[in-house]
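# What the coordinates show
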Amino acid sequence: MSAEASRAPMTIGDVLGLLRPDFPDITVSKIRFLEAEGLIEPRRSPSGYRKFGPGDVDRLRFILTAQRDQYLPLRVIRERLRARDRGEAVPAPAPPGDRRRPRTLVAAPVPDPAPAPEPPVRLSRRQLLDGAGIPADLLDAMEEYGLVRRAGGAGAPFDAEALTVARAVAALCEHGLEVRHLRALKAAADRQVGLIEQAVGPMLRRRHPGAHEEAAEAARSLADLAVRLHTALVWAGLRETLEP
């Protein structure tokens, strides 16, 4: 039995650990891309996490080997996978010790350099006031109670999330709430942040190139689940109040 089979079900981090010795360039993004293209279909846990089995790892090895050793496009690889799924014989990629290359090589096009990452969005106080359509005293109250955050010390610009927060706070205030009433929501969000940071902390301490990307994906999934749980709990509590 293969090592993959003995470790099923596996997380995406487990799969990276298995494949990296043979495919050092494999990343979380690469696996997610192949999933988006329909070449692999890992099952999902009830909480939404990808769970890989031995068959998924075998398909990934087939795909990555075909790309590396035979330069096959995804269209051809997809056709071969379909044929393999039907039980038909398909050409096996050359083994690592016999990676044959075409007699006549055509120079591959030089890829364009990767675009530089976009700088984070920063908003001045006036931009935030205008964008959210709120008065200055409301923004002052949000800052006082820690609902909006500047990207630095006093006088620094606001981060991008401040605009979303300011608009939501303004909408809540239109329903008769005051900013001070929203401190409970801020405290709940801070506790959720702490839980997520605790969960992804071990991933950030791993010493492989995709560690931070893997942690970011897990954090996004956990944040989404936390919001969904919070919404469900709020509605469950309100239902008791609103039911006749």
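Per an unreviewed UniProt entry, the protein goes by the name MerR family regulatory protein and belongs to Actinomadura rubteroloni.

## A closer look at the overall build of the protein
When helices and strands are tallied, the protein shows 10 helices and 4 strands. Counting helices and strands in the order they occur from the N terminus, the protein gives α-α-α-β-β-α-α-β-α-α-β-α-α-α. Considering the protein as a whole, with its 244 residues, one finds that 30% of them fall into the buried category. Expressed as a percentage of contacts within the protein between residues at least 6 apart in sequence, the contacts between residues at least 24 apart total 56%. As displayed, the protein has an accessible area near 16100 Å², and 57% of this comes from carbon and sulfur atoms.

## Section: helix H10 (residues 211-242)
Compared with the 46 Å implied by 1.5 Å per residue over 32 residues, the 46 Å span of H10 between its first and last C-alpha is a close match. Residues Ala211, Glu214, Ala215, Glu217, Ala218 and Ala226 constitute the buried set of H10. Check the buried side of H10 and you find it contacts helix H2 (12-19), helix H3 (28-36), strand E2 (50-51) and helix H9 (183-204).

## Quick notes on the pattern of salt bridges
Applying the stated criterion across every chain yields a total of 18 salt bridges. Two residues, arginine 150 and glutamate 143, come together in a salt bridge whose shortest N-O distance is 2.8 Å. A relative accessible area of 27% means that glutamate 143 is categorised as partly exposed.

## A look at the layout of surface pockets
By volume, the largest pocket amounts to about 1200 Å³. As for the largest pocket, its lining consists of 28 residues, and the residues nearest its centre are Val165, Leu185, Lys186, Ala189 and Gln192. At the level of secondary structure, the elements contributing two or more residues to the lining of the largest pocket comprise helix H8 (161-173), H9 and H10. Ranked by residues supplied to the lining of the largest pocket, first place goes to H9 with 8 residues. Residue composition of the lining of the largest pocket, by class: 18 nonpolar, 5 polar and 5 charged. When residues of the lining of the largest pocket are assigned to domains, at least three fall in each of domain 2 (120-177) and domain 3 (181-243). Estimated volume of the second largest pocket: approximately 310 Å³. Surrounding the second largest pocket, 18 residues form its lining, Ile12, Tyr49, Arg50, Glu217 and Ala218 being those nearest its centre.

## A word on a nonpolar patch on the surface
Together, Val234, Trp235, Leu238 and Leu242 make up a nonpolar patch on the protein surface, roughly 400 Å² of accessible area in all. Within the secondary structure layout, tryptophan 235 lies in helix H10.

## Notes on the nonpolar core
Residues Val15, Leu19, Ile31 and Leu34 are the most contacted members of the largest nonpolar core, which totals 25 residues. For this core, the secondary structure elements donating two or more residues are H2, H3, helix H4 (54-70) and helix H5 (74-85). Element by element, the count of residues in this core is highest for H4, at 6 residues. Beyond its immediate sequence surroundings of up to four residues, valine 15 is in contact with Met10, Ile31, Phe52, Val57 and Leu60. Among the nonpolar cores identified, the runner-up in size contains 19 residues, and Ile134, Ala141, Met142 and Leu163 belong to it.

## Some words on the side chain of glutamate 217
Assignment of secondary structure puts glutamate 217 in helix H10. Apart from the residues within four sequence positions on either side, glutamate 217 is in contact with Ile12, Val28, Arg32 and Arg50.

## As for H3
For H3, the complete set of buried residues consists of Val28, Ile31, Leu34 and Glu35. What you see down the axis of H3 is that its buried residues fit within an arc of 130°, all on one side.

About the criteria used
Residues numbered from 1 in each chain as written. Predicted model: local features only at pLDDT ≥ 70, side-chain atom pairs only at ≥ 80, totals over all residues. Heavy atoms only, no water. Helix = DSSP H or I, 4+ residues; strand = E, 2+ residues; numbered from the N terminus. Buried < 20%, exposed > 50% of the residue type's maximum accessible area, 1.4 Å probe, protein only. Contact = heavy atoms within 4.5 Å. Areas by Shrake-Rupley, 256 points an atom, 1.4 Å probe, with all protein chains shown as cover. Expected span 1.5 Å × (residues − 1). Salt bridge = Lys/Arg side-chain N within 4 Å of Asp/Glu carboxyl O. 1 Å grid on protein atoms, 1.4 Å probe; cavity = no way out; pocket = protein on both sides within 12 Å on 5 of 7 lines; lining within 4 Å. Points joined across faces, edges and corners; volume = space filled by probe spheres on them. Nonpolar A, V, L, I, M, F, W, Y, C, P; charged D, E, K, R; others polar. Domains from an automatic or database assignment. Patch = residues over 30% accessible without salt bridge, like charges linked within 9 Å, V, L, I, M, F, W, Y side chains within 5 Å. Core = buried A, V, L, I, M, F, W, Y, C linked by side-chain atoms within 4.5 Å. Arc of directions from axis to C-beta.

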